[in-house]
Amino acid sequence: MTAIATRKNNWVNISFFTITTLAGIAGAPVYAYHYGLSTTEVALFLFYFAATGLSITVGYHRLFAHSTYKTNSVVRFILLFFGAAAFQQSALLWSSQHRDHHRFVDTDRDPYSIGKGFFYAHIGWLIFWKHETNYDNVKQLQNDSLVMHQHRYYNQWAIGAGIVTPALIGLLTGHLLGALLIGVGLRLTLVYHTTFIVNSVCHMFGTATYDIDSSARDNWFTAIFNFGEGYHNFHHRFAIDYRNGVRWYQFDPGKWTIAILEKLGLAWDLRRVSNFRILAARFAGEETRVTRWLSENNNFSSMLGANIQRQVRTRYDDLHERLLDWESAVQEYHSVLKARVDIYSKELRREARRRVAVARSTFRESRLDWNSLVRQCSAA
Ligand SMILES: [Zn+2]
Ligand SMILES: [Zn+2]
């Protein structure tokens with residue numbers, strides 16, 4: 001359990017952030033102006049930005065903190081190597097604090113609570129505060145020898161992967177200074193802040209579709225820079241799902257990477273929340289929002305107000321029931337598909353498919369009704 005944070009300057013982090021930021025935002029442009037940019041610097045920056053950013057998203061976050069899929073030790077090593085190169089603490093500590101963030105979100109026991117302000121949630125918690133962690137909530141992870149090795153020798157992993165390796169590449173190609181300023185300083189600065197905006201921006205700005213009472217927000221703009229982590233409201237509601245941008249068109253390179261690993265046989269047991277549960281959460285959010293809007297804008301003691309409230313309740317119940325009917329028709333269809341093939345199976349399959357089509361079309365009618373009611377309330 002993470003104790004409530006105590007105010008204490010973390011001089012190691014303050015110095016490290018200061019040096020990397022100066023190198024990134026002052027040193028890198030001055031270097032580029034005087035010496036130009038070679039393929040080494042550009043390639044190092046792009047590769048390290050993608051590899052370390054993705055390792056935080058796909059590794060630290062979705063694998064170690066949330067166990068949304070399983071993978072082999074080679075992939076885990078690569079994720080731990082480039083995760084360490086992002087200089088965001090060990091995977092064990094990161095996961096422990098992140099699990100506390102989900103469990104105690106917006107309270108004093110949330111390590112990066114937005115309740116303490118934008119700056120605190122973004123970076124203040126890392127440089128001006130001390131957090132005690134006893135790793136109670138990551139017992140399973142402690143059985144992973146690679147995770148424990150990275151945790152025990154974190155400084156060696158981080159410096160080796162994040163500074164020494166790019167510096168060696170720079171040295172061998174004759175661009176040591178460029179590699180340090182651009183491949184380390186600029187890259188680290190950008191990876192830091194594109195990760196940190198999840199805790200600050202995505203807990204303040206955006207839409208709350210699936211969990212309307214959480215401070216977490218879906219923010220498509222930030223997702224462009226942090227490999228899909230910007231869809232944070234969905235993530236807080238369904239943290240066990242390997243996807244953050246759950247809709248097919250939502251920009252989430254994290255979910256695509258995990259899906260590609262699965263196709264290659266390198267990841268398995270991917271956890272997906274069913275579309276029915278996701279729809280149910282979305283409708284429940286709409287119902288709460290409409291009911292609150294009505295109570296703020298209508299007098300329920302009046303006949304009209306009471307009548308609208310009844311309509312909302314009835315249509316929501318109807319929608320929910322139709323959704324459950326559709327879900328059970330789909331489940332039945334799948335069980336018929338799995339059943340032993342015999343002379344009746346073709347007929348049974350046809351009948352089950354017909355029931356799914358009927359249930360889906362009844363649900364759609366109910367959804368249209370519901371959508372028009374929601375629109376009326378929002379427009380009124
Ligand atoms: Zn969050
Ligand atoms: Zn999370």
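Parameters at a glance
- Per chain, residue numbering runs from 1 following the sequence as it is written.
- Ligands are numbered from 1 and chains lettered from A, in the order in which they are written.
- Since the coordinates come from a predicted model, pLDDT governs what is reported: local features require at least 70, and pairs of side-chain atoms require 80 or more to be given and counted, while whole-chain, interface and lining totals use all residues.
- Helix and strand assignments come from DSSP, with helices taken as H or I runs of at least 4 residues and strands as E runs of at least 2, each series counted from the N terminus.
- For every residue, the other C-beta atoms within 10 Å of its own C-beta are counted; 20 or more classify it as buried, 12 or fewer as exposed, and values in between as partly exposed. C-beta atoms are placed from the backbone.
- For the purposes of this description, domain bounds are those given by an automatic or database domain assignment.
- By definition, residues are in contact whenever their C-beta atoms, placed on the basis of the backbone, come within 7 Å of each other.
- Each residue is assigned to one of three groups, with Ala, Val, Leu, Ile, Met, Phe, Trp, Tyr, Cys and Pro labelled nonpolar, Asp, Glu, Lys and Arg labelled charged, and all others, Gly among them, labelled polar.
- At every residue, the bend is computed as the angle between two fitted axes, covering the seven residues ending there and the seven beginning there respectively.
- Orientation is described by lines fitted to C-alpha atoms, with helices fitted over the stretch in contact, and by angles between N-to-C directions that extend from 0 to 180 degrees.
- Should an angle fall under 35 degrees it is called roughly parallel, over 145 degrees roughly antiparallel, and 65 to 115 degrees roughly perpendicular, with every other angle called oblique.
- Here a crossing is called left-handed whenever its near helix is offset anticlockwise from the far helix by less than a right angle, and right-handed whenever the offset is clockwise.
- Take the buried Ala, Val, Leu, Ile, Met, Phe, Trp, Tyr and Cys residues, join any whose C-beta atoms are within 7 Å, and the set you get is a nonpolar core.
- Here the expected span of a helix is defined as 1.5 Å times the quantity of residues minus one.

1. Brief notes about unusual backbone geometry
With a phi close to 75°, Q89 is a non-glycine residue in the positive phi region. Tracing the chain through its elements places Q89 in the loop between helix 3 (73–84) and helix 4 (91–103). Exposure remark for Q89: the 20 C-beta atoms within 10 Å place this residue in the buried category. With phi around 60°, F227 is a residue other than glycine that occupies positive phi space. Looking at the element boundaries, F227 is found in the loop between helix 9 (220–223) and helix 10 (232–237). Judged by C-beta crowding, with 25 C-beta atoms within 10 Å, F227 ranks as buried.

2. Concerning the domain arrangement of the protein chain
Here the protein chain is partitioned into domain 1 (6–268) and domain 2 (275–379). Using only C-alpha atoms to locate each centre, domain 1 and domain 2 end up separated by 38 Å. Of the residues lining the interface, 5 residues belong to domain 1; the matching set on domain 2 comes to 6 residues. Residues of the side of domain 1 that touches domain 2, tallied by class, amount to 3 nonpolar, 1 polar and 1 charged.

3. Concerning helix 1 (residues 11–35)
The largest bend in helix 1 amounts to roughly 40° and is located at G27, with the proline P29 lying one to four residues further along. Within helix 1, burial applies to T20, A23, G24, G27, A28 and Y31. Structurally, helix 1 contributes buried residues whose contacts are with helix 8 (176–199).

4. Comments concerning the packing of helix 1 against helix 8
Two elements in contact, helix 1 and helix 8, have axes whose closest approach is 8 Å; the angle formed by their N-to-C orientations is 135°. Comparing the axis directions of helix 1 and helix 8 gives the class oblique. Read as a crossing pair, helix 1 and helix 8 show a hand that is left-handed. The segment helix 1 lies against helix 8, with T20, T21, A23, G24, I25, G27, A28, Y31 and Y35 engaging L177, G178, L181, I182, G185, L186, L188 and T189.

5. A few points about the environment of L270
As for its position among the elements, L270 is in the loop between strand 4 (267–268) and helix 12 (275–297). Along the backbone, L270 and Y242 are 28 residues apart, and their C-alpha atoms lie at a distance of 6.6 Å. In this view, L270 contacts T68, Y69, Y242, I258 and E262; residues no more than four positions away in its chain are not counted.

6. Here we look at the nonpolar core
By size, the foremost hydrophobic cluster in this structure holds 43 residues, and its most contacted members are F64, A84, A85, A91, A161, L181 and I182. Within the residue set of this core, elements represented by two or more residues are helix 1, helix 2 (39–65), helix 3, helix 4, helix 7 (154–172) and helix 8. Residue contributions to this core peak at 10 residues, all from helix 2. If we ignore the near neighbours within four places in the chain, the residues touching A91 are G59, Y60, F64, L80, G83, V147 and Q150. Core analysis: the next-biggest nonpolar cluster, separate from the first, contains 13 residues, L323, Y333, A352 and F363 among them.

7. Some remarks on helix 12
With 23 residues, helix 12 extends 33 Å from end C-alpha to end C-alpha; this agrees with the ideal 33 Å at 1.5 Å per step. For helix 12, the full list of buried residues reads I278, E286, E287 and V290.

8. Regarding the packing of helix 2 against helix 8
Helix packing geometry: the angle between the two helix axes and the distance between the axes. Contact geometry for helix 2 and helix 8: axes closest at 9 Å, N-to-C directions at 30°. As the angle between them shows, helix 2 and helix 8 are arranged roughly parallel. Along this stretch, helix 2 crosses helix 8, giving a crossing that reads as right-handed. Where helix 2 abuts helix 8, its residues T40, E41, L44, F45, Y48, F49, T52, G53 and I56 lie against G178, A179, I182, G183, L186, R187, L190, V191, T194 and T195. Residue classes in the contact of helix 2 with helix 8 are distributed as 10 nonpolar, 7 polar and 2 charged.

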